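The primary structure of each chain is shown beneath.
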There are 2 protein chains.
Amino acid sequence: MFDGLSVLRSPCQLRGKVQSWRRVGERVALIPVLGPVHEGHLDLVRAAHLDTCRVAVCLVDLSGSPLAREIEADIRVLEAAQVDAVISPAADSYSPDGHRTRLRVGGLTDVLCGKVAQGCFDFALLMTLRLINQTQADLVLMSDVQWQYSVILSQLVGDLDLDTEIRILPARRHGDGAVCSAEWHALPEAARGHAAGLARILAELAAELRCGADPVACCKNGAARLAEAGVEGLEYLELRHAGTLARVHDTVLDGPARLFGAVRLGGLRLVDSVGVV
Amino acid sequence: MFDGLSVLRSPCQLRGKVQSWRRVGERVALIPVLGPVHEGHLDLVRAAHLDTCRVAVCLVDLSGSPLAREIEADIRVLEAAQVDAVISPAADSYSPDGHRTRLRVGGLTDVLCGKVAQGCFDFALLMTLRLINQTQADLVLMSDVQWQYSVILSQLVGDLDLDTEIRILPARRHGDGAVCSAEWHALPEAARGHAAGLARILAELAAELRCGADPVACCKNGAARLAEAGVEGLEYLELRHAGTLARVHDTVLDGPARLFGAVRLGGLRLVDSVGVV
């Protein structure tokens, strides 16, 4: 049942809205959105509706960053998608001055992106945890372009015993294979080929790994292949356990493995990953 | 309204109990108890009743530690005090194997006890946050013997935007001035004079500080006075801002200050503190 979109501008308004749903026994799904709304986010909204949830989308405002954008246009798109609430917070009420809490999740926040950019998950984790607390969401939906982040968040939610499911859905991709992400949108047109190149080579390497290629050699070879294809700024290319993010060295994979890649392009980190088994 | 005490042994039972209260609009107070129940805890229970709350007490089980004790006796005491629920969890369900989350609160978890024993708040913070999430407590009550911990917890709860008030009440003291605490109970009879000595000298120093004594000289002098009085194992004696825990060096105090002391006695850390202004 869709009875119009509410635009909420404070945690207090958000709590009030959620309570009105809870009172009549409705479930709540939260979709955090960084950067402009794209088709990938609308996939998440549709998944939430299938779960018969009220859908709250949080537009995280990174004003001053390359991801600054038109919130009004996003709100119209979300309304058309029958989103129930958009949280478009004033930055200060969501990331209060003077916060001192740092969340570390051992073995998860300090690898991959967390290794090349220490503390890079701090802001997002704090924001997401605040939103979960404010909405008491039954469900948080994110796409697998944020695989590492979703693994971190799942562990955190379990460790804190929150009554919230973190659900990961396959990312939407552009026609050239590049993953839909805030960073892709922020790239200059001319640089978007790098995203497609990264996606293509990750897929090729995953196919070779599935056929028994040696992970270490494969990643080394992949780095050379990316350079050949003109994809610059490689930060990492690693095969890891999909659930624990432990590094996989062996040819015989003993669990679900995932190949993770990141390139640094003009101040942006473009990440992508692909399931191997 | 007291309708009997429920002993709950899993997070699931706890959530169910709390939901039954919430459904009829009742408020919930949480009192975490480390070690044996003593009169200080019953003060907290009485304060919760004044606030017309349902009272849930969590008996944190440190089996194998010097604080291991008879849970059954505690439960009878709490029932007499009209506590509504006692959470006496199996250790594994409350501190699950494989948790990886570490909570750091900058400037708060790394001073005083956190400096002499790095990471000493990790377990307690994770446990308390899990309990707050499980109970969605409106109110958490603790005594000011845990002043540093309560400041950390208040900041954490604010940073995570939990809808929970952390309320600190004056600690109950024994006839000789020693503060009621789990550690005091775990001390051998003969060593309890140290706790009284610490309390007495903290009170004397606070009086001198109120009269304008220099903080640095006063703390140095205090260390000597403790040694003279036979109180051994001093770990710290520091004047700090009561709210931010920033160190106070100036004679002119620009906010509420508190004098903190800790001694290490036979494997236990005995802490005490006193408000100066």
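How each quantity is defined
Residues numbered from 1 in each chain as written. Chains lettered and ligands numbered in written order. Predicted model: local features only at pLDDT ≥ 70, side-chain atom pairs only at ≥ 80, totals over all residues. Heavy atoms only, no water. Helix = DSSP H or I, 4+ residues; strand = E, 2+ residues; numbered from the N terminus. Rg over C-alpha atoms; globule rule 2.2 N^0.38 Å. Buried < 20%, exposed > 50% of the residue type's maximum accessible area, 1.4 Å probe, protein only. Contact = heavy atoms within 4.5 Å. Areas by Shrake-Rupley, 256 points an atom, 1.4 Å probe, with all protein chains shown as cover. Lys, Arg positive; Asp, Glu negative; His and termini not counted. Charge placed at Lys NZ, Arg CZ, Asp CG, Glu CD. Buried area = accessible area lost by both parts, 1.4 Å probe. Salt bridge = Lys/Arg side-chain N within 4 Å of Asp/Glu carboxyl O. Polar contact = N/O pair within 3.5 Å; in protein donor to acceptor, adjacent residues only side chain to side chain. Least-squares fit on C-alpha atoms with pLDDT ≥ 70 in both. Core = buried A, V, L, I, M, F, W, Y, C linked by side-chain atoms within 4.5 Å. Pairing = 2+ DSSP bridges. Expected span 1.5 Å × (residues − 1). Arc of directions from axis to C-beta. Axes fitted to C-alpha atoms, helices over the stretch in contact; angles between N-to-C directions. pLDDT = per-residue confidence, 0-100. Parallel < 35°, antiparallel > 145°, perpendicular 65-115°, else oblique. Left-handed = near helix turned anticlockwise from the far one by under 90°. Nonpolar A, V, L, I, M, F, W, Y, C, P; charged D, E, K, R; others polar.

1. Points about the overall build of chain A
A count of helical and extended segments in chain A gives 10 helices and 10 strands. Expected size for 277 residues packed as a compact globule is a radius of gyration near 19 Å; at 19 Å, chain A falls within 12% of this value. Viewed in the frame of its principal axes, chain A has a C-alpha envelope of about 55 × 40 × 40 Å. Counting every position in chain A, which comprises 277 residues, the buried fraction comes to 53%. The contacts in chain A between residues at least 6 apart in sequence include a share of 71% that link residues at least 24 apart. Accessible area for chain A stands at about 11700 Å²; split by element, carbon and sulfur atoms hold 53% of it. Charge centroids of chain A, computed over 28 positive and 34 negative side chains, lie 2 Å from each other.

2. So, the interface of chain A and chain B
With 28 residues of chain A in contact, the opposing surface of chain B contributes 28 residues. Around 2300 Å² of area is buried between chain A and chain B when both sides are counted, 42% of it from carbon and sulfur atoms. Of all residues in chain A, R100, D159 and D161 of chain A give up the largest surface area on contact with chain B, accounting jointly for 30% of the area buried on that side. Here chain A and chain B share 2 salt bridges between them. D161 of chain B is the salt-bridge partner of R15 of chain A, the closest N and O atoms lying 3.4 Å from each other. Our count for the chain A to chain B interface comes out at 20 residue pairs in polar contact (both at pLDDT 80 or more). Looking at the side of chain A that touches chain B, the elements that each hand over two or more residues are α1 (11-23), β5 (101-105), α6 (122-135) and α7 (147-159) of chain A.

3. Examining the relation of the copies chain A and chain B
For the pair chain A and chain B, the relating rotation is 180°, the translation along its axis is 0.0 Å, and the fit reaches an RMSD of 0.0 Å. Each copy turns onto its partner about a two-fold axis. Across chain A, the smallest distance between a C-alpha and the rotation axis is recorded for L103 of chain A, namely 2.6 Å. A share of 100% of interface residues in chain A that are also interface residues in chain B marks the association as one of identical surfaces.

4. Concerning the nonpolar core
Judged by nonpolar contacts, the single largest core of 84 residues is most densely connected at L125 and L156 of chain A together with L125 and L156 of chain B. Apart from residues lying up to four places away in sequence, L156 of chain A is in contact with L103, V105, L125 and L129 of chain A together with T101 of chain B.

5. Looking at the pairing of strand β10 (residues 268-275) of chain A
Residue and element names in this part refer to chain A. In terms of burial, β10 is largely enclosed, as 6 of its 8 residues are buried. Relative to β10, strand β9 (residues 257-265) runs antiparallel, the two sharing 8 bridges. Its bridge partner lying in β10, G261 is registered against D272. Count of turn residues in the β9/β10 antiparallel hairpin: 2 residues, of which G266 carries a positive phi of about 50°.

6. Structural notes on helix α10 (residues 215-228) of chain B
In an α-helix, one full turn covers 3.6 residues, which means residues spaced three or four apart are oriented alike. All names here are of chain B. The terminal C-alpha atoms of α10, which comprises 14 residues, lie 20 Å apart, in line with the 20 Å expected from a rise of 1.5 Å per residue. Listing the buried residues of α10 in full gives P215, C218, C219, G222, R225 and L226. An end-on view of α10 places all buried positions within 120° of arc, on one side of the element. Structural note: α10 exposes K220, A227 and E228 on the side pointing more than 90 degrees away from its buried face.

7. Here we look at the pairing of β9 of chain A
Residues and elements named next belong to chain A. The buried fraction of β9 is high, at 8 of 9 residues. In this sheet, β9 lies alongside strand β8 (residues 234-241) in antiparallel orientation, the contact comprising 7 bridges. Within β9, the residue paired with H241 across the bridge is A257.

8. Observations concerning the sheet that holds strand β10 (residues 268-275) of chain B
Each strand in a sheet pairs with another by means of backbone hydrogen bonds, the pair being arranged parallel or else antiparallel. All names here are of chain B. Spatially, β8-β9-β10 is the arrangement adopted by the 3 strands of the open sheet, whose pairing is antiparallel. Of all the strands in the sheet, the pair left with one neighbour each is β8 (234-241) and β10. Between one strand and the next, the sheet's axes are offset by a mean angle of 15°, whatever the strand orientation. α10 contacts β8 and β9 (257-265) of the sheet and is inclined by roughly 155° relative to β8.

9. Structural notes on the sheet that holds strand β7 (residues 165-169) of chain A
Residue and element names in this part refer to chain A. An order of β1-β4-β3-β2-β6-β7 is seen for the 6 strands of this open sheet, with the pairing classed as parallel. The open sheet terminates on both sides in strands that have one partner only, identified here as β1 (6-8) and β7. Adjacent strand axes in the sheet meet at a mean angle of 25° when their direction is disregarded. Inspection of the sheet shows strand β3 (residues 53-60) paired to strand β4 (residues 85-87) by 3 bridges, in the parallel sense. Residue pairing in the sheet places V57 in a bridge with V86 of β4. Against the sheet, helix α2 (residues 39-50) engages β2 (27-34), β3, β6 (139-143) and β7, with an angle of about 155° to β3. Across the face of the sheet, helix α3 (residues 71-80) comes into contact with β1, β3 and β4 while running at roughly 165° to β3.

10. Focus: the pattern of salt bridges
Counted by the stated rule, this structure contains 46 salt bridges over all chains. Notably, a salt bridge pairs E26 of chain A with R54 of chain A, separated by 3.0 Å at the nearest N-O pair. In this pair, E26 of chain A sits in the loop between α1 and β2 while R54 of chain A sits in strand β3, placing the two residues 28 residues apart along the sequence. Across the salt bridge formed by R104 of chain B and D122 of chain B, the nearest N and O atoms sit 2.8 Å from each other. One end of the pair, R104 of chain B, is in strand β5 (residues 101-105); the other, D122 of chain B, is in helix α6 (residues 122-135), and 18 residues separate them in sequence. Overall, R104 of chain B belongs to the partly exposed group, its relative accessible area being 36%.

11. Here's the deal with the confidence of the model for chain A
Confidence in the prediction for chain A averages 91 pLDDT; 94% of positions are at 70 or higher. The ipTM for the predicted assembly is 0.92, set against a pTM of 0.93.

12. Here's the deal with the packing of helix α9 (residues 192-210) of chain A against helix α10 (residues 215-228) of chain A
For any two helices packed against each other, the geometry comes down to the angle between their axes and how far apart the axes lie. Residues and elements named next belong to chain A. Where α9 contacts α10, the axes come no closer than 10 Å and their chain directions differ by 155°. It follows from the interaxial angle that α9 and α10 lie roughly antiparallel. For the pair α9 and α10, the sense of crossing is right-handed. Between α9, through G197, L198, I201, E204, L205, E208 and L209, and α10, the contact on the second element is made entirely by P215, C218, N221, G222, R225 and L226. Of the residues belonging to the contact of α9 with α10, the class tally is 7 nonpolar, 3 polar and 3 charged.

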